[in-house]
Amino acid sequence: MENSYMAYTKEIDGVIFYFVKKYTTFPDYKDFPQVLDSMGMHTDFYKACGIAEIYEEGVISDLMKELHIIPDSARIIQMNSNAKSITHSFLKNTQQIILKLRWASIH
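Source: prediction; values computed, not measured.

### Focus on helix 2 (residues 57-67)
Of all the positions in helix 2, only Val59, Ile60, Leu63, Met64 and Leu67 are classed as buried. For helix 2, the arc enclosing every buried residue in end-on projection is 135 degrees, short of the 170-degree limit, so these residues lie on one face. Pointing more than 90 degrees away from the buried face of helix 2 are the exposed residues Glu57 and Lys65. Looking at the packing, one finds that the buried side of helix 2 touches strand 1 (2-12), strand 2 (15-25) and helix 1 (45-51). Backbone geometry just downstream of helix 2 places His68 in the positive-phi region, at approximately 60 degrees.

Next comes the structure, spelled out in structure tokens:
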């Protein structure tokens, strides 16, 4: 018994839905058709995989490649140029407060 997977998209009323199917095949039996084991349909790809009971990361990433979906971890997030100065000043101010608290507790 082996599993095979298929994924595709379909637009319904202007909304893209992901369809994910899990098939079971029996290579020991000649001319035995594939059996649909589970199927998922949702606007979120990961939820469609969950409905279809597909939890293996390797299978999910292969299906994402097949559909040309970029995972969230690979997306580029634009950072605000002021973030560095805010972080630096926050750390500097926090260190000064700690030093003042230490000085107050000693005297």
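### Examining the packing of aromatic side chains
What the rule picks out here adds up to 5 aromatic pairs. Here the aromatic rings of Phe26 and Phe32 are separated by 5.4 Å at their centres, their planes lie at 85 degrees, and the arrangement is edge-to-face. When its relative accessible area of 28% is taken as the criterion, Phe26 is described as partly exposed. Considering the side-chain rings of Phe45 and Tyr46, the 6.0 Å spacing of their centres and the 70 degrees angle between planes classify their relative orientation as edge-to-face. Taken together, the ring pairs connect Tyr18, Phe45 and Tyr46 into an aromatic cluster.

### Focus on the side chain of Thr24
The topology assignment puts Thr24 in strand 2. When near neighbours in sequence (up to four residues on either side) are disregarded, Thr24 contacts Met1, Glu2, Asn3, Gln34, Val35 and Asp37.

### Brief notes about the nonpolar core
Considering soluble globular proteins, one finds that nonpolar side chains tend to be buried as a cluster. If you look at the biggest cluster of nonpolar residues, it comprises 14 residues, and the most contacted ones within it are Val20, Phe45, Ile54 and Leu63. Those residues in contact with Leu63, other than ones at most four positions away along the chain, are Tyr5, Met6, Ala7, Val20, Phe45 and Ile54.

### Topic: unusual backbone geometry
Of note in the backbone geometry, Asp31 takes a positive phi value of approximately 60 degrees without being a glycine. By the secondary structure assignment, Asp31 is in the loop between strand 2 and strand 3 (35-42). Looking at Asp31, the relative accessible area reads 72%, which means it is exposed. For His68, which is not glycine, the phi dihedral falls at a positive 60 degrees. Inspection of the secondary structure assignment puts His68 in the loop between helix 2 and helix 3 (83-106).

So, how was this worked out
- Residues numbered from 1 in each chain as written.
- Predicted model: local features only at pLDDT ≥ 70, side-chain atom pairs only at ≥ 80, totals over all residues.
- Heavy atoms only, no water.
- Buried < 20%, exposed > 50% of the residue type's maximum accessible area, 1.4 Å probe, protein only.
- Helix = DSSP H or I, 4+ residues; strand = E, 2+ residues; numbered from the N terminus.
- Arc of directions from axis to C-beta.
- Contact = heavy atoms within 4.5 Å.
- Phe/Tyr/Trp six-rings, centres within 6.5 Å; stacked < 30°, edge-to-face > 60°.
- Core = buried A, V, L, I, M, F, W, Y, C linked by side-chain atoms within 4.5 Å.

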